[in-house]
Structures are given as structure tokens and as C-alpha cells.
Amino acid sequence: MPLGAALCLLPFVSTGVALLAGLCVALTVGNPFAGRTRALTPRLLSVAVVGLGAGMDLRTVLAAGREGLGYTVVGIALCLTLGVGLARLLGVPRVTGLLISVGTAICGGSAIAAVVPVLQPKEHETSVALGTVFLLNAVALFVFPVVGHAVGLTPHQFGLWCAMAIHDTSSVVGAAVRYGPEALAVATPVKLARALWILPLTVGLAAWRRREGHAVKGKVRRPWFIAGFLGAAAVVTVFPGLAPVGQGVAAVARQLLVVTLFLLGAGLTRETLRAVGVRPLAQAVALWLIMAGLCLGALLLGWA
């Protein structure tokens, strides 16, 4: 495991190769450091995202964020509505279905982890939701660039599409990196703008649970790394002389992202796969395909 993570720091190792390598480790010899990698992965992702900001112009970032704002609001509302409806239709337990819907609507595992203190699911319900979202993230990292090239999406269009239709920030950035720098410059701020909705959604869910008579424990997690990303972009924009340094920091951040995807792959253990049931997986796949298809159709038709 440590050797695999270290090898992922080499510049010729891509995001897709790293994810596959992690999957191979987890499903063959197993991950002896599963607890540590689970704790380390979100921290590495946060550092990588902040570092990516150092390679971007703040004006471009804010423009992309404003462009994606309307799509984000509509997309989250539609995804949550469809997700709850699909869960009822397929007979998925209420909390499990809601966790999957939240993860699909906002930012995958980060959103699920944020609402766990509010929804207080059983351990296996959280495992099911995280497992289904992770599986689809792994598929998206490979499938989205192929589909994007096949239908002729521009880098700008692809950046919007993967930011709106891929669950986790890590896979969004990983797919965008494979498509090119312009796609990355669009996908990252749009996805981070989407992640900001973790806070209001969690507060709203907490109010709803209290009205139903449930106790709500724990604190709402705030995505502070988004402020770090904007701060890094602001520094290199205000001080253009630091641009070469910023590009160097961003290059290191991209390789940290590769390591992050290796650790994510290593987190897909046999136990995680066994926890994923047919009905939750059917809900997650159906919801993902519907949302991805609607977003792609809107882009191809020029509606977005």
C-alpha cells in the first residue's frame, strides 16, 4: 500500500491507472490500512483542491461558478425529488434512499458523511450508500471522457457535464484532468459551488428531522477547503508574478489527486461490495443515468 501510493506521485501515473491500481490491491491482497486510508483520503483531497486553485485565475473561477449556479440549484432539487421517488418505487429503505439521493445530488461521499449526524442511519445503511456512490464514481472516471469525446463535447461543455453529473469531487477533477486543462478550469469551481450546498441542505434536513420528533446530534461539517481553493486562486491573480509558483503548486496538487484516487480504489473492499444490495444499487444507477443523461442532453441542445 505505501509503495503503491508513493508510485502514484510519479508524473506519468494517471488518475485512471491509480484508481485501477487501488482497486486491484483492495480486491486481491486486501488493504491492511483501511482505517488509515479512509481517514487520510478526504484530507488529501482537500489539500489537492486547494493546490489546484493556485493554478487558476480567480476571475475565471468566479465566472465558471456563476455560470453553474442556476444549473446547480435546478439539478439538486430535481435529483433529490427523483431520488426519493425512485427509492419508494424500488422499495429502498427510506434513510438509505435519502443518503444515496443526497450523495448523487451534491458531492458523493462528502455529502453523505455530512448528513450522517442528522439522519443517524445504521452503520450498514451508510456503508450501502457509500459503496454504491463509490462504484459509480469509479465507472464515471473512465466512461465520461470516452462519452465526451464520442459526442463531441468541447472542454468547456465537458467540464460542466462532469461537475453536474459525477458524484465525488475527486472523480470530477480526475475526469476533467483527462479531458484537458480547460475542462479542469470549468469543472473544479462548478463542482465546488455545488459542494457549498452541503451546509444549507444539512440544516434543512436537521429542521425536518426535528419536526418529525427525532433528536439531531453532531455538528454540521463545513467544506472549508473551498475557501482555501478560492484563496489560492486569489493570491496568484492579485500577484501575477507568483503565477509560475502557482503552476508548480497546481502540478503537485494534481499528483496528490492521483494518490487520492489510488486510496479511494483501495477503499473498495470485499466487505463494501457485499454490503451493496440490488435495490439500492438499482436506485443509484437509475438516478445517476437519468441525471447524467438530462445534463448531457441539455448541453448538446444548447440549453446549458
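Let us look at the structure shown here.

The rules we used
- Residues numbered from 1 in each chain as written.
- Predicted model: local features only at pLDDT ≥ 70, side-chain atom pairs only at ≥ 80, totals over all residues.
- Heavy atoms only, no water.
- Helix = DSSP H or I, 4+ residues; strand = E, 2+ residues; numbered from the N terminus.
- Rg over C-alpha atoms; globule rule 2.2 N^0.38 Å.
- Buried < 20%, exposed > 50% of the residue type's maximum accessible area, 1.4 Å probe, protein only.
- Contact = heavy atoms within 4.5 Å.
- Areas by Shrake-Rupley, 256 points an atom, 1.4 Å probe, with all protein chains shown as cover.
- Lys, Arg positive; Asp, Glu negative; His and termini not counted.
- Charge placed at Lys NZ, Arg CZ, Asp CG, Glu CD.
- Axes fitted to C-alpha atoms, helices over the stretch in contact; angles between N-to-C directions.
- Parallel < 35°, antiparallel > 145°, perpendicular 65-115°, else oblique.
- Left-handed = near helix turned anticlockwise from the far one by under 90°.
- Nonpolar A, V, L, I, M, F, W, Y, C, P; charged D, E, K, R; others polar.
- Core = buried A, V, L, I, M, F, W, Y, C linked by side-chain atoms within 4.5 Å.

## Looking at the overall build of the chain
Phase 1 of the analysis: Tallying secondary structure elements over the chain gives 15 helices and zero strands in all.
Phase 2 of the analysis: Relative to the compact-globule value of 19 Å for 304 residues, the chain shows a C-alpha radius of gyration of 18 Å, a close match.
Phase 3 of the analysis: By principal-axis analysis of the C-alpha atoms, the chain measures approximately 55 × 45 × 40 Å.
Phase 4 of the analysis: For the chain, the residues scored as buried account for 50% of the 304 residues in total.
Phase 5 of the analysis: In the chain, of all internal contacts separated by at least 6 residues, the share reaching a separation of at least 24 is 84%.
Phase 6 of the analysis: Approximately 13,600 Å² of the chain is accessible, and the part contributed by carbon and sulfur atoms is 70%.
Phase 7 of the analysis: Distance between charge centroids for the chain: 6 Å, based on 22 positive and 8 negative side chains.

## Comments concerning the packing of helix α8 (residues 155–165) against helix α15 (residues 278–300)
Phase 1 of the analysis: For the pair α8 and α15, interaxial distance at closest approach is 9 Å and the crossing angle is 155°. When the axes of α8 and α15 are compared, the pair comes out roughly antiparallel. In this structure, α8 meets α15 at a crossing whose hand is right-handed. For the pair α8 and α15, the contacting residues are Gln157, Leu160, Trp161, Met164 and Ala165 in the first and Trp288, Ala292, Cys295, Leu296 and Leu299 in the second.
Phase 2 of the analysis: Here the residues of the contact of α8 with α15 are counted per class, giving nine nonpolar, one polar and no charged.

## Focus: the packing of helix α7 (residues 123–151) against helix α9 (residues 169–179)
Geometrically, a packed helix pair is captured by the angle between its two axes and the distance between the axes.
Phase 1 of the analysis: Here α7 crosses α9 at 30°, and the two axes come no closer than 9 Å. Taken together, α7 and α9 sit at an angle that is classed as roughly parallel. As α7 runs across α9, the sense of the crossing is right-handed. For the pair formed by α7 and α9, the contact residues are Asn137, Leu141, Phe142, Pro145, Gly148 and His149 on the first element and Ser171, Gly174, Ala175, Arg178 and Tyr179 on the second.
Phase 2 of the analysis: Split by residue class, the contact of α7 with α9 holds five nonpolar, five polar and one charged.

## Quick notes on the nonpolar core
Phase 1 of the analysis: Counting 75 residues, the largest nonpolar core has Val102, Ile106, Phe144, Phe158, Trp161 and Cys162 as its most contacted members.
Phase 2 of the analysis: Residues in contact with Trp161, not counting those within four places in the same chain, are Phe144, Val147, Gly148, Leu153, Ala292, Cys295, Leu296 and Leu299.
Phase 3 of the analysis: Membership of the second largest hydrophobic core comes to nine residues, among which are Ala5, Cys8, Leu44 and Leu263.

## A look at the environment of Ser127
Phase 1 of the analysis: Relative to the helices and strands, Ser127 resides in helix α7.
Phase 2 of the analysis: Ser127 sits 31 residues away from Thr96 along the chain, and the two C-alpha atoms are 9.4 Å apart.

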